[in-house]
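Commentary on secondary and tertiary structure
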Amino acid sequence: MKRIASLLIALLLVVTALVACNNNKNNETTPAETTPNNTPVEKTYSVAIAVDSTVNANNNKVSNTALVLVLDDAGKIVAARFDSSEVTPALDDAGAIAAVASVKTKVEQGDEYKGMAAGSWAKQTKAFEDYIVGKTPAEVAELDASLIAGCTMQSTVPQFKALVAEAAASTLKVTFKTAEAITAGIAISTKVATSGKVSADFAGVVMAGGKVAATVIDSAEQSFTVVEGVITAGTVKASKNEQGDNYNMPAGPWYKQAQAFANATVGKTAAELANLEPVSDALAAAGCTMQSTTAGYKTTIIAAVGYAR
């Protein structure tokens, strides 16, 4: 009898284990990224760029901060990349505004951007970027800056949150599909001309499988004059995307022509981008005739590809 009882108990334990195992299998779900045979599934994403261009009335410092934001089809953040540049127009020996060919962004400066107790601007910004992945823009709007580990820039985080909201609400989003893992990069090209114009070009790029999956660009210009040795800022202008149809050109609004150029980069590798003709009949046919500026946009796009992660 004892032997029979022992066998019954053993049988009961086996049945229980099988049931538990079966229940666990029932609770498993196939990851959305792959099919049961591990074949990648094509997913839909949207990407937008948002820009904040300001001029400090006290010292004429121009600050240009930008975000490229990638959302999945559920409206959650897949990637976010921020960068910012600062430049203050100055006089040259002749009393005119001194030209500046290139301005390093805060990310490009890395640890050279001093004076931050909790680490460089680039490192703190990356902490914020990583923290908001998987959240919706609405959830980002509710974040308390003090809760973000590795980022103590309480004065900057509200600007970041505003840029997330702006990008999420953009009517100029670009939608793309890919089955590959994606990376995103952003770049800012800032310069000062002797005419007193401070210009900044912005490019956000999404890479998938070593090729450009989507590109979005924007541009901002601020003007300064010199009167009796004093530099004075003009009216602060919104970015060209933000100006929309008000920034019109003979061949159509800037934002439409800019996106036509950005679309020409899709499907290309970094090496192929280097050979992209910034002016061509194909671009003109696609709606882009901005011959004097597309070479600069190309340079900024290539830089963004290099920063993608």
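Residues numbered from 1 in each chain as written. Predicted model: local features only at pLDDT ≥ 70, side-chain atom pairs only at ≥ 80, totals over all residues. Heavy atoms only, no water.

**Looking at the overall build of the chain**
Counting its secondary structure elements, the chain contains ten helices and eight strands. Split into buried and exposed, the 309 residues of the chain put 40% on the buried side. Across the chain, contacts joining residues at least 24 apart in sequence account for 59% of those joining residues at least 6 apart. With an accessible surface of roughly 16100 Å², the chain has 55% of that area assigned to carbon and sulfur atoms. (Helix = DSSP H or I, 4+ residues; strand = E, 2+ residues; numbered from the N terminus. Buried < 20%, exposed > 50% of the residue type's maximum accessible area, 1.4 Å probe, protein only. Contact = heavy atoms within 4.5 Å. Areas by Shrake-Rupley, 256 points an atom, 1.4 Å probe, with all protein chains shown as cover.)

**Section: the sheet that holds strand β5 (residues 182–192)**
Spatially, β5-β6-β7-β8 is the arrangement adopted by the four strands of the open sheet, whose pairing is antiparallel. Pairing within the sheet leaves two strands with one partner each, and these edge strands are β5 and β8 (230–233). Each strand of the sheet is rotated relative to its neighbour by a mean of 25°, with strand direction disregarded. Sheet topology note: the strand β7 (residues 211–227)/β8 ladder contains four bridges and is antiparallel. (Pairing = 2+ DSSP bridges. Axes fitted to C-alpha atoms, helices over the stretch in contact; angles between N-to-C directions.)

**Some points on the packing of aromatic side chains**
Working definition: an aromatic ring pair is given by the centre-to-centre distance plus the angle between the planes. Using the criterion set out here, one finds six aromatic pairs in the structure. Taken together, Phe82, Trp121, Phe128 and Phe160 form an aromatic cluster joined through their ring pairs. In this structure, lysine 135 is placed above the aromatic ring of tyrosine 131, and the distance from its NZ or CZ to the ring centre is 4.2 Å. (Phe/Tyr/Trp six-rings, centres within 6.5 Å; stacked < 30°, edge-to-face > 60°. Lys NZ or Arg CZ within 6 Å of the ring centre and 35° of its normal.)

**Section: the sheet that holds strand β2 (residues 62–72)**
Across the sheet, four strands lie side by side as β3-β2-β1-β4; this open sheet has antiparallel pairing. The open sheet is flanked by β3 (77–87) and β4 (174–178), the only strands paired with a single partner. Averaged over all pairs of adjacent strands, the angle between their axes in this sheet comes to 20°, without regard to strand direction. The pairing of strand β1 (residues 43–55) with β2 spans eleven bridges and is classified as antiparallel.

**Side note on the confidence of the model for the chain**
Here the chain averages 89 in pLDDT, and 88% of its residues register 70 or above. Note that pLDDT drops below 50 for residues 1–32; the model gives that stretch three contacts with residues more than four away or on any other chain. (pLDDT = per-residue confidence, 0-100.)

**So, the nonpolar core**
Membership of the largest hydrophobic core comes to 23 residues, with the highest contact counts inside it found for Leu67, Leu69, Ile77, Phe82, Phe128, Ile132 and Val164. When contributions to this core are tallied by element, the ones reaching two or more residues are β1, β2, β3, α3 (121–132) and α5 (157–169). If one sorts the elements of this core by residue count, α5 sits on top with five residues. (Core = buried A, V, L, I, M, F, W, Y, C linked by side-chain atoms within 4.5 Å.)

**Re unusual backbone geometry**
Of note in the backbone geometry, asparagine 60 takes a positive phi value of approximately 70° without being a glycine. Position of asparagine 60 relative to the elements: it lies in the loop between β1 and β2. Despite not being glycine, glutamate 228 has its phi angle at roughly 50°, a positive value. Relative to the helices and strands, glutamate 228 is located in the loop between β7 and β8. Accessibility expressed as a relative area gives 80% for glutamate 228, which makes it exposed.

**Quick notes on the side chain of threonine 65**
Structurally, threonine 65 is set in strand β2. Once residues lying within four places of it in the same chain are set aside, the contact partners of threonine 65 are Ala50, Val51, Asp52, Asp83, Ser84, Gln159, Phe160 and Leu163.

**Quick notes on the packing of α3 against α5**
Interhelical geometry of α3 versus α5 gives an angle of 45° and a closest axis separation of 12 Å. Between α3 and α5, the angle falls in the class oblique. Crossing geometry of α3 relative to α5 is assigned as right-handed. Facing α3, whose interface residues are Trp121, Thr125, Phe128 and Ile132, α5 presents Val157, Phe160, Lys161 and Val164. For the contact of α3 with α5, the residue count by class is six nonpolar, one polar and one charged. (Parallel < 35°, antiparallel > 145°, perpendicular 65-115°, else oblique. Left-handed = near helix turned anticlockwise from the far one by under 90°. Nonpolar A, V, L, I, M, F, W, Y, C, P; charged D, E, K, R; others polar.)

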